[in-house]
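Fold and contact review
Residues per chain, in single letters:
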Amino acid sequence: MSQAASEETELVPRPDKTPAALKAALAVVAPDRLPEMIEGQTGAMAEAIATATATATGSGSVQPIRSFVAHWAAVLEIERLPATSRAYHRSNYLANHAASIEECRRHAVTVAELYRAAFAAVNE
């Protein structure tokens, strides 16, 4: 990337870390990913409920929901910054279509680095 993430033009402001705010921002920057997000939210809720059902006290863990929000906040951080989004999706595509293991690994490392940087930016 030629620009630092902080210097990029934002498609939308960084949303609050709530499912509703994340969903609204995703609808603007990557609407094709909404079904994936909704499926993840449903899974997180089901896991939280299952945890509550499995404990003797009936008090479940909100960790699945926290993990869902943290992940989608990172996804939004990538998607709302055009240069970051292009680099992420390009590297992901190249990793999945690489001619060699070394080439795949190189692109996969880029994907992981971009995701980790986005995750750190919104979850610190």
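Higher on the page you've got the structure.
Residues numbered from 1 in each chain as written. Predicted model: local features only at pLDDT ≥ 70, side-chain atom pairs only at ≥ 80, totals over all residues. Heavy atoms only, no water.

Another point: the nonpolar core. Grouped together as the largest cluster of nonpolar side chains are 23 residues, with contacts concentrated most on Leu-22, Leu-26, Met-37, Phe-68, Trp-72 and Leu-76. The element that contributes the greatest number of residues to this core is helix H3 (residues 63-79), accounting for 8 residues. Those residues in contact with Leu-22 that sit more than four places away from it in its chain are Pro-15, Asp-16, Met-37, Val-69, Trp-72, Ala-73 and Leu-76. (Core = buried A, V, L, I, M, F, W, Y, C linked by side-chain atoms within 4.5 Å. Buried < 20%, exposed > 50% of the residue type's maximum accessible area, 1.4 Å probe, protein only. Helix = DSSP H or I, 4+ residues; strand = E, 2+ residues; numbered from the N terminus. Contact = heavy atoms within 4.5 Å.)

Evaluation of the coordinates by the stated rule reveals 5 salt bridges. As a salt-bridge pair, Arg-33 and Glu-79 come within 3.4 Å of each other at their nearest N and O atoms. Of this pair, Arg-33 sits in the loop between helix H1 (19-29) and helix H2 (34-54) while Glu-79 is found in helix H3, placing the two residues 46 residues apart along the sequence. In this structure, Arg-33 and Glu-79 share a single accessibility class: buried. Here the salt bridges share partners, and the residues they tie into one network are Glu-10, Arg-14, Glu-77 and Arg-80. (Salt bridge = Lys/Arg side-chain N within 4 Å of Asp/Glu carboxyl O.)

Position of Arg-80 relative to the elements: it lies in the loop between H3 and helix H4 (82-96). On the basis of relative accessible area, Arg-80 is assigned to the buried category, the value being 3%. At 3.0 Å, the side chain of Arg-80 forms a polar contact with the backbone oxygen of Val-12. Dropping the residues within four chain positions of it, Arg-80 is found in contact with Thr-9, Glu-10, Leu-11, Val-12, Pro-13, Arg-14, Pro-15 and Val-29. (Polar contact = N/O pair within 3.5 Å; in protein donor to acceptor, adjacent residues only side chain to side chain.)

End to end, H4 covers 21 Å across 15 residues, agreeing with the expected 21 Å (1.5 Å per residue, within 8%). If you check which residues of H4 are buried, you get Thr-84, Ser-85, Ala-87, Tyr-88, Ser-91 and Ala-95. Each buried residue of H4 lies within a common arc of 165° when the element is viewed along its axis, so the set occupies one face. Those residues of H4 that are exposed and angled more than 90 degrees off the buried face are Arg-86, Arg-90, Tyr-93 and Asn-96. Tucked into the core, H4 has its buried residues touching H3 and helix H5 (101-123). (Expected span 1.5 Å × (residues − 1). Arc of directions from axis to C-beta.)

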